[in-house]
Amino acid sequence: MAQLWGGRFTKETDQLVYNFNASISFDQKFYRQDICGSIAHVTMLASVGVLTDDEKDQIIDGLNSILKDIENGNIEITSKYEDIHSFVEANLIDRIGDVGKKLHTGRSRNDQVALDMKLYTRDEIVEIKELVKELMMTLHQMMKDNIDAFMPGFTHLQKAQPVTLAHHIGAYMEMFKRDYSRLCDIYERMNYCPLGAGALAGTTYPLDREQTAKLLDFYGPTLNSMDSVSDRDYVIELLSALSTIMMHLSRFCEEIILWNSNEYQFVSIDDGFSTGSSIMPQKKNPDIAELVRGKTGRVYGALTSILTTMKGIPLAYNKDMQEDKELTFDAIDTVKGCISLFHGMIKTMTFHYDRMEASAKHGFTNATDAADYLVNHGVPFRDAHGIVGQLVLLCIEKNIPLDDLSLEEYKKISPVFEEDIYEAISMQTCVEKRNTIGAPGHAAMEKVLEANEAYLQSLN
Ligand code: ARG
């Protein structure tokens, strides 16, 4: 046990208490952010005259050498220290002697940890945005390739109306666009620097908070020191955005699992992204899709957990807030892994276009269009609905699609039908007629593709 605060204590901390309280096992993850924050802090302390330039240089050299040694594996971060802040400070003092004891002037671990967590999540937001962007680029390409690939669109998991694969993928594209913009919003709102807030009430040193904010690439300093050390809103917002990303991935996975099933056979997941069974030799299972769907739960759990942790905390810092880290780190790692694996899976997946189109045809997805045909020939919609209902019944009896009924059979139920009914209910026509903004028709899709192209370019 090596602690920063032994002075007013007359007894050693109980080992169980020490273990329960310590955070080094997980907060070591932000050693780099901790060291960068300290470098900015001492740079500023020297510029306002609290440290001499020589002291500043010695401390910065020491901090840089610690960073290098951690990254090269020359030093190990051990549980001898309570947290990463103590580890770095103690190491610094070991290296450069007494001058290292000046590092913590005008700072508390409360504003330090608030800073580290912000720097860490900020870096991760940038990485997650990149992963979402790469995924969107693949989806965009898949849309371009599948603008004429017909498939059934579903409601209630019942075949409803024909769409295209491009249109279906396009729905997810919109979701991920919103996910991306949510991450951007969070970044904008969180990017203010808490360093200099001290324990809760600022400090008596003439700290230049504008300077540290600038050095660390923040838009500026936070404006209330009590809020600065106790704000974890951005963690909640991030976990909420990550939960939404997982929800979208999970829905897509659920569809892929269905599409890959023996019954649908719309897609085949690549062997490289499937797994086998230890007993059933024929099995090829969609484990990656299932795991992404399954891991959604733990990200939701992280969000629920931090919301619950924060709800009863009086101002300002309380130790409860240490609980923000493990679950956030886990959620971030989970989401990054899931996006990457999901991306690899869909990139290598094969679509069975013939099966998709046949499925659309045999599911009466053109029934609405048959009714619209009658309406266009003067039949009121409600009557048209009834007539096509009878036709569907007949088809079910005969086990054929609407396309395979004879004109005679059509005319028996309504004399309004003519030879052009076949053209009117072809998959091609059904989709092509739907060209309002956002619909699956070719012209409408071309416009969306153009907009998405410009959107993706604007992200560079
Ligand atoms: N490990 C602590 C946390 O994660 C760091 C801050 C400790 N501050 C304190 N006053 N005990 O929140």
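To keep things clear, this report deals only with the structure shown in the data block.

Procedures and definitions
- Residues numbered from 1 in each chain as written.
- Predicted model: local features only at pLDDT ≥ 70, side-chain atom pairs only at ≥ 80, totals over all residues.
- Heavy atoms only, no water.
- Near = heavy atom within 4 Å.
- Polar contact = N/O pair within 3.5 Å; in protein donor to acceptor, adjacent residues only side chain to side chain.
- Areas by Shrake-Rupley, 256 points an atom, 1.4 Å probe, with all protein chains shown as cover.
- Helix = DSSP H or I, 4+ residues; strand = E, 2+ residues; numbered from the N terminus.
- Nonpolar A, V, L, I, M, F, W, Y, C, P; charged D, E, K, R; others polar.
- Contact = heavy atoms within 4.5 Å.
- 1 Å grid on protein atoms, 1.4 Å probe; cavity = no way out; pocket = protein on both sides within 12 Å on 5 of 7 lines; lining within 4 Å.
- Points joined across faces, edges and corners; volume = space filled by probe spheres on them.
- Salt bridge = Lys/Arg side-chain N within 4 Å of Asp/Glu carboxyl O.
- Buried < 20%, exposed > 50% of the residue type's maximum accessible area, 1.4 Å probe, protein only.
- Core = buried A, V, L, I, M, F, W, Y, C linked by side-chain atoms within 4.5 Å.
- Pairing = 2+ DSSP bridges.
- Expected span 1.5 Å × (residues − 1).
- Axes fitted to C-alpha atoms, helices over the stretch in contact; angles between N-to-C directions.
- Parallel < 35°, antiparallel > 145°, perpendicular 65-115°, else oblique.
- Left-handed = near helix turned anticlockwise from the far one by under 90°.
- Phe/Tyr/Trp six-rings, centres within 6.5 Å; stacked < 30°, edge-to-face > 60°.

### Section: the site of the ligand
For the ligand, the full set of nearby residues is Ser23, His85, Arg109, Asn110, Val113, Tyr317, Gln322 and Lys325. Tyrosine 317 is positioned such that a nitrogen or oxygen atom in its side chain is 2.4 Å from an oxygen atom of the ligand. If the ligand stood free it would expose 340 Å²; the protein chains cover 86% of that surface. Broken down by element, the residue count for the shell around the ligand peaks at 3 residues, all from helix α6 (residues 109-145). Classifying every residue of the shell around the ligand by side-chain character gives 2 nonpolar, 4 polar and 2 charged.

### Description of the environment of isoleucine 75
With respect to the helices, strands and loops of the structure, isoleucine 75 is situated in the loop between α4 (53-72) and α5 (84-96). Residues isoleucine 75 and asparagine 91 lie 16 residues apart in sequence; the distance between their C-alpha atoms is 9.8 Å. Residues within four places of isoleucine 75 in sequence aside, it is in contact with Ile66, Asp69, Ile70, Phe87, Asn91 and Arg95.

### Here we look at the environment of threonine 308
Considering the arrangement of structural elements, one finds threonine 308 in helix α11 (residues 287-310). C-alpha of threonine 308 to C-alpha of lysine 447: the two residues are 139 residues apart in sequence and 44 Å apart in space.

### A look at the layout of surface pockets
Each pocket or cavity is described by its volume, and for the largest pocket that value is around 370 Å³. Lining the largest pocket are 18 residues, with Gly153, Phe154, His168, Tyr172 and Glu255 sitting closest to its centre. Mapped by element, the contributors of at least two residues to the lining of the largest pocket are β1 (150-155), β2 (158-164), α7 (165-190) and α10 (233-259). Looking at side-chain class alone, the lining of the largest pocket contains 10 nonpolar, 5 polar and 3 charged residues. By volume, the second largest pocket amounts to about 300 Å³. Taken together, 14 residues line the second largest pocket, and the ones lying closest to its centre are Asn260, Ser261, Asn262, Lys284 and Asn285.

### Some details on the pattern of salt bridges
Evaluated as defined, the whole model comprises 22 salt bridges. Of the charged contacts in the structure, one is a salt bridge between glutamate 82 and lysine 319, with a shortest N-O distance of 3.9 Å. Taken together, the residues span a long stretch of sequence, with glutamate 82 in the loop between α4 and α5 and lysine 319 in the loop between α11 and α12 (324-347) at a distance of 237 residues. For glutamate 82, a relative accessible area of 4% translates into the label buried. Accessibility expressed as a relative area gives 34% for lysine 319, which makes it partly exposed. A salt bridge links lysine 411 to glutamate 418, with the shortest nitrogen-to-oxygen separation between them at 3.2 Å. Among the residues examined, lysine 411 registers a relative accessible area of 32% and is labelled partly exposed.

### Some details on the nonpolar core
Counting 99 residues, the largest nonpolar core has Leu242, Leu249 and Trp259 as its most contacted members. The biggest single contributor to this core is α10, with 15 residues. Contact partners of tryptophan 259, with chain neighbours within four places excluded, come to Met151, Leu165, His168, Phe252, Tyr264, Gln265, Phe266, Val267 and Phe351. With 22 residues, the next largest nonpolar core counts Ala370, Val388, Leu402 and Leu405 among its residues.

### Structural notes on the side chain of aspartate 116
Assignment of secondary structure puts aspartate 116 in helix α6. Not counting residues up to four positions away in its chain, the partners in contact with aspartate 116 are Phe30, Gln33, Asp34 and His85.

### Quick look at unusual backbone geometry
In most cases, non-glycine residues show a negative phi, while peptide bonds are predominantly trans. Backbone torsion omega between leucine 315 and alanine 316 reads 0 degrees, so that peptide bond is classified as cis. As for its position among the elements, alanine 316 is in the loop between α11 and α12.

### Let's talk about the pairing of β1
Looking at chain direction, β1 and β2 are connected through 6 bridges and run antiparallel. Along β2, the bridge assignment pairs glycine 153 with glutamine 161.

### Concerning α12
Helix length check: α12 (24 residues) gives 35 Å between terminal C-alpha atoms against 34 Å at 1.5 Å per residue, within 8%. Across the 24 residues that make up α12, a large majority, 17, are buried.

### What to know about the packing of helix α14 (residues 367-376) against helix α15 (residues 381-398)
Between α14 and α15, the least distance of the axes is 8 Å, while the angle of their chain directions is 135 degrees. Taken together, the axes of α14 and α15 lie oblique to each other. Once α14 is placed against α15, the crossing between them reads as right-handed. For the pair formed by α14 and α15, the contact residues are Ala367, Ala370, Ala371, Asp372, Leu374 and Val375 on the first element and Phe381, Ala384, His385, Ile387, Val388 and Val392 on the second.

### Some remarks on the packing of aromatic side chains
Using the criterion set out here, one finds 14 aromatic pairs in the structure. Seen from their ring centres, tyrosine 264 and phenylalanine 266 are 5.3 Å apart, and the 80 degrees between their planes marks the pair as edge-to-face. In terms of burial, tyrosine 264 and phenylalanine 266 fall into one category: buried. Aromatic side chains tyrosine 373 and phenylalanine 417 sit 5.6 Å apart centroid to centroid with 10 degrees between the ring planes, which places their arrangement in the stacked category.

Honestly, that's just the spatial picture; any functional story needs more than this.
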